[in-house]
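# Working through the structure, step by step
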Amino acid sequence: DVKVTQSSRYLVKRTGEKVFLECVQDMDHENMFWYRQDPGLGLRLIYFSYDVKMKEKGDIPEGYSVSREKKERFSLILESASTNQTSMYLCASRGRGQETQYFGPGTRLLVL
Amino acid sequence: QQPVQSPQAVILREGEDAVINCSSSKALYSVHWYRQKHGEAPVFLMILLKGGEQKGHEKISASFNEKKQQSSLYLTASQLSYSGTYFCGTEEGYSGGYQKVTFGIGTKLQVIP
């Protein structure tokens, strides 16, 4: 059974804190993605990675960075969290040439 | 650029049909459809590739008009289990290694008894 896991379901942080969101997949997928989901805005792509140590900006990369040191793990980093980064964060993975993108359960982040 | 979905919300009675539309201003390689139930992760329904095709999945099917860069998702004889938010995702091309999918804002579908 395919699996994408995220380190936390809920997270509360203070403005200015450095925040790490972790995502792990067990399917040996090359492609991994970070989206944020907000009401009325749908799923917006923050960053993605198509291989270890490779990363590409998505549509809304400002205020975020990523790290992919191992194939199975893709981390999203908020260097200095702000209240407008309060959101649901979804990680996804997809094998090269494959049709299905698998999503993790999401991390609901609240920045106070 | 996000694809445009319509309608944004729809309420159906069990057994009724619905159509959800997705359009893009870009030339598309493929269109994906996902469903997300409340509190859960989005789940893949189907993909339609360039070449214009129609696909079916139980009573849920979809078409892709390559000339218009439009896709439609058809839900027939709706069931309570169809309730959720439907997202279309578009790929503009497969750039030899990575496959970026851009999603629309979603269509919230509620099926009532």
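My aim in this report is to walk through the structure given alongside it, one point at a time. (Residues numbered from 1 in each chain as written. Chains lettered and ligands numbered in written order. Predicted model: local features only at pLDDT ≥ 70, side-chain atom pairs only at ≥ 80, totals over all residues. Heavy atoms only, no water.)

## Quick look at the overall build of chain A
- What chain A contains, in helices and strands, is zero helices and 11 strands.
- What you see for chain A is a C-alpha radius of gyration of 13 Å, in line with the 13 Å of a compact globule of 112 residues.
- Overall, the C-alpha framework of chain A stretches about 40 × 25 × 25 Å when taken along its three principal axes.
- Split into buried and exposed, the 112 residues of chain A put 53% on the buried side. (Helix = DSSP H or I, 4+ residues; strand = E, 2+ residues; numbered from the N terminus. Rg over C-alpha atoms; globule rule 2.2 N^0.38 Å. Buried < 20%, exposed > 50% of the residue type's maximum accessible area, 1.4 Å probe, protein only.)

## Details of unusual backbone geometry
Residues and elements named next belong to chain B.
- Along the chain, S6 connects to P7 via a cis peptide bond; the corresponding omega equals -10°.
- Here P7 is to be found in the loop between β1 (4–6) and β2 (9–13).
- Look at Q69: it is not a glycine, yet its phi comes out positive at around 55°.
- Checked against the element boundaries, Q69 lands in the loop between β7 (60–65) and β8 (70–75).

## Section: the packing of aromatic side chains
Residues and elements named next belong to chain A.
- Inspection of the entire model under this criterion finds nine aromatic pairs over all chains.
- Aromatic pair Y35 and F103: ring centres 5.7 Å apart, planes at 40°, arrangement tilted. Here the residue Y35 occupies a position in strand β4 (residues 31–38), and F103 occupies one in strand β10 (residues 102–103), the gap between them amounting to 68 residues. The same class applies to Y35 as to F103, namely buried. (Phe/Tyr/Trp six-rings, centres within 6.5 Å; stacked < 30°, edge-to-face > 60°.)

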